[in-house]
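Chain by chain, the residues run as shown.
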Amino acid sequence: MTSSDQVSKELGSADSALTPAQQETLGLIRLPADQRTTYEATLRHELHAALEAATADLVGSIDEPLWISKRQLQAVNGCEALYEAQQAEPFEWRIPMTRGQIFHKCVELSIHLFPKRTASELVDEALSSMMNRGDGLADFLFTLTEVERAEIRSDVASLLQTFFDTFPPLKKAWGPTTELPRKVVLHQGKVVFQGRFDLTIGQPSELTAGRVLVELKTGRAVPHHLDDLRFYALLETLVVGVPPALLASFYVDAGRVQVEHVDEDTVRSALRRASDAAERLLHLRLEKTRAAVRPNTSCRWCPIANQCEPGQAWLEEANDGSAW
Ligand code: SF4
C-alpha cells in the first residue's frame, strides 16, 4: 500500500468520535485514490518556460528583483493606485492581523505538541513563542497592554475551539504540514513567485495528485480567496511537478469549507493570471504605464482615499446605500 493510499484510507475511515461538522468537512476534503488525476512529467518544465517567456522582454531593465506573492496578484487585479500607495508606506502591525498569525501558530503547535493541549493552553504557548522571536510582530505584541493581549487570547481561543469542533483532528499519518513555503525563481532571480500554504494534507504519489491545500480563513469569505488558492496550485506544480488534488478555503468562525477540484485547466488559468500580473507589475516598476485607479471596497480603508477623486465618488455612492 502506498503512503497516499494509506492517507486516503485513514481520511476515509469512519470515525464515530467526529462531530457532524467534522464529518462533513472530512467528506469534502477527502478525494478517494481512484479519483485522483495523473499528470505528464513534462508539465512542470512546460509551465516554467511559459512563465519565463511572458516576462523575458522586460526583466533586463529592472535592477532589484520583483517578488510576487498573492498580495501583488490581488493588487494588480484590484486598484493599482492603492498598491503603489501601500508599497510606499512602511508595513505596520495591527491587532486584527495578530489574531490570524497566532491562530495559525496554534494549529501548527496542535499537530506537534504532545500531550494534547486545550485551545487556551495552545494560545498561551503560541503567544509566548511569538513574543520570544525577536521580530517585528514580537515587538508589536510587547507594545500592547495586558488587556489588549487578554482580548487577543480570548478571541483566538474561541476561534481555535470552533476549529477543533468543526475540522477533523489532524492525524500524523495524513502528513499534515503548516506554513509550507514554495518559491519559483525565474530569470536567475530577477522575478520570484512565492507563497506559504497555511495547511496541507497528504502528498502526491509519483505523478498522481494527492496533496490538499487548505487556507484557514479567520475573516469573511471574499472572491479572491479562490484566486489565491489557484495561484498556490500553480506554485505547487512549478515546485513539485504535480498539482494538488484539491483546494480548500476553511472559514473558521463558520466552521465551513469551500472546495475546488484541481485539473490542468485550473493550473493553466492560474498561469495566465500570474503571467499577466507579472507583466503588469514590471510595466509599473519601469514606469511604462500609470497605475490604474479602480474604486472598490478597499476605498473604505485606503490610506490615500482623501486625495483620490474616483475613490471619494465611490464612497459617497456607497454611503448613500446605492452601491452593491
Ligand atoms: S481610494 Fe479607492 S480608488 Fe482611490 S486609490 Fe484608494 S482604493 Fe484606489
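Calculation criteria
Residues numbered from 1 in each chain as written. Predicted model: local features only at pLDDT ≥ 70, side-chain atom pairs only at ≥ 80, totals over all residues. Heavy atoms only, no water. Axes fitted to C-alpha atoms, helices over the stretch in contact; angles between N-to-C directions. Helix = DSSP H or I, 4+ residues; strand = E, 2+ residues; numbered from the N terminus. Parallel < 35°, antiparallel > 145°, perpendicular 65-115°, else oblique. Left-handed = near helix turned anticlockwise from the far one by under 90°. Contact = heavy atoms within 4.5 Å. Nonpolar A, V, L, I, M, F, W, Y, C, P; charged D, E, K, R; others polar. Domains from an automatic or database assignment. Buried area = accessible area lost by both parts, 1.4 Å probe. 1 Å grid on protein atoms, 1.4 Å probe; cavity = no way out; pocket = protein on both sides within 12 Å on 5 of 7 lines; lining within 4 Å. Points joined across faces, edges and corners; volume = space filled by probe spheres on them. Near = heavy atom within 4 Å. Sits in = over half its atoms within 2 Å of the grid points. Phe/Tyr/Trp six-rings, centres within 6.5 Å; stacked < 30°, edge-to-face > 60°. Buried < 20%, exposed > 50% of the residue type's maximum accessible area, 1.4 Å probe, protein only. Salt bridge = Lys/Arg side-chain N within 4 Å of Asp/Glu carboxyl O.

Participant: Please explain the packing of helix α3 (residues 43-55) against helix α11 (residues 264-285) as it appears in this structure.
Facilitator: For any two helices packed against each other, one specifies the crossing angle of their axes together with the interaxial distance. Direction vectors running N to C along α3 and α11 enclose 25°, while the axes themselves pass 9 Å from each other. Our classification of the angle between α3 and α11 gives roughly parallel. In this structure, α3 meets α11 at a crossing whose hand is right-handed. Of the residues in α11, those touching α3 at Leu-43, Glu-46, Leu-47, Ala-50, Leu-51, Ala-54 and Thr-55 are Glu-264, Val-267, Arg-268, Leu-271, Ala-274, Ser-275, Ala-278, Glu-279 and Leu-282. For the contact of α3 with α11, the per-class residue count stands at 10 nonpolar, two polar and four charged.

Participant: What am I meant to see in the domain arrangement of the protein here?
Facilitator: One widely used convention gives an interface's size as the accessible area the parts lose upon coming together. Per the domain assignment, the segments of the protein are domain 1 (20-90 + 175-285) and domain 2 (95-166). Relative placement of domain 1 and domain 2: their C-alpha centres are 26 Å apart. With 14 residues of domain 1 at the interface, the matching set in domain 2 holds 12 residues. Taken together, both faces of the contact between domain 1 and domain 2 bury some 1200 Å²; the carbon and sulfur share is 70%. Sorting elements by how many residues they give to the side of domain 1 that touches domain 2 places helix α2 (residues 20-29) first, with three residues.

Participant: Explanation requested: the layout of surface pockets in the structure shown.
Facilitator: Empty pockets left among the atoms are what a rolling probe the size of a water molecule brings to light. Quantified by volume, the second largest pocket comes out at close to 320 Å³. What lines the second largest pocket is a set of 19 residues, among which Ser-110, Lys-116, Phe-164, Pro-169 and Leu-170 lie closest to the centre. Those elements that provide at least two residues to the lining of the second largest pocket are α6 (95-112), α7 (119-131) and α9 (146-166). Looking at the lining of the second largest pocket residue by residue, the classes come out as 12 nonpolar, four polar and three charged.

Participant: Sorry, what's going on with the site of the ligand here?
Facilitator: Near the ligand the following residues occur: Cys-79, Ala-81, Leu-82, Val-293, Arg-294, Pro-295, Cys-299, Cys-302, Ile-304, Ala-305, Cys-308 and Gly-311. If you map the ligand onto the pockets, it falls in the largest cavity. Within the shell around the ligand, the residues separate by chemical class into 10 nonpolar, one polar and one charged.

Participant: Help me understand the packing of aromatic side chains in this model?
Facilitator: Geometry of an aromatic ring pair is reported as the spacing of the ring centres plus the angle between the planes. Taken as a whole and judged by the stated rule, the model has nine aromatic pairs. For the pair Phe-193 and Phe-231, a centre-to-centre distance of 6.2 Å together with 55° between the ring planes defines the contact as tilted. Placement of Phe-193 in strand β3 (residues 191-201) and of Phe-231 in helix α10 (residues 224-240) is noted, with a sequence separation of 38 residues between them. Take Phe-231: its relative accessible area is 2%, and that puts it in the buried class. With 4.9 Å between their ring centres and 40° between their planes, Phe-197 and Tyr-232 make a pair best called tilted. Of the two residues, Phe-197 sits in strand β3 while Tyr-232 sits in helix α10, which places them 35 residues apart along the sequence. For Tyr-232, a relative accessible area of 4% puts it in the buried group. Grouping aromatic residues by their ring pairs yields a cluster made of Phe-103, Phe-163, Phe-164, Phe-167 and Phe-250.

Participant: How should the pattern of salt bridges be read in this particular structure?
Facilitator: A side chain of one charge can pair with a side chain of the opposite charge if their charged atoms are brought near each other. Here the structure, examined in full by the defined rule, presents 16 salt bridges. Residues Arg-268 and Glu-46 are paired through a salt bridge, measuring 2.8 Å at the closest nitrogen-oxygen approach. Of the two residues, Arg-268 sits in helix α11 while Glu-46 sits in helix α3, which places them 222 residues apart along the sequence. For Glu-46, a relative accessible area of 39% corresponds to the partly exposed category. One salt bridge in this structure joins Glu-108 and Lys-105, with 3.4 Å as the shortest N-O distance. On the criterion of helical spacing, the pair formed by Glu-108 and Lys-105 is a turn pair, its members being three residues apart in helix α6. The network of salt bridges with common partners includes Glu-46, Glu-264 and Arg-268.

Participant: Help me understand the environment of Pro-168 in this model?
Facilitator: Counting through the fold element by element, Pro-168 comes out in the loop between α9 and β2 (177-186). The exposure class assigned to Pro-168 is buried, which follows from its relative accessible area of 2%. Each C-alpha atom of the pair Pro-168 and Glu-52 lies 40 Å from the other, and the pair is 116 residues apart in sequence. With sequence-adjacent residues up to four places away left out, Pro-168 is seen in contact with Gln-22, Thr-25, Leu-26, Ile-29 and Trp-174.

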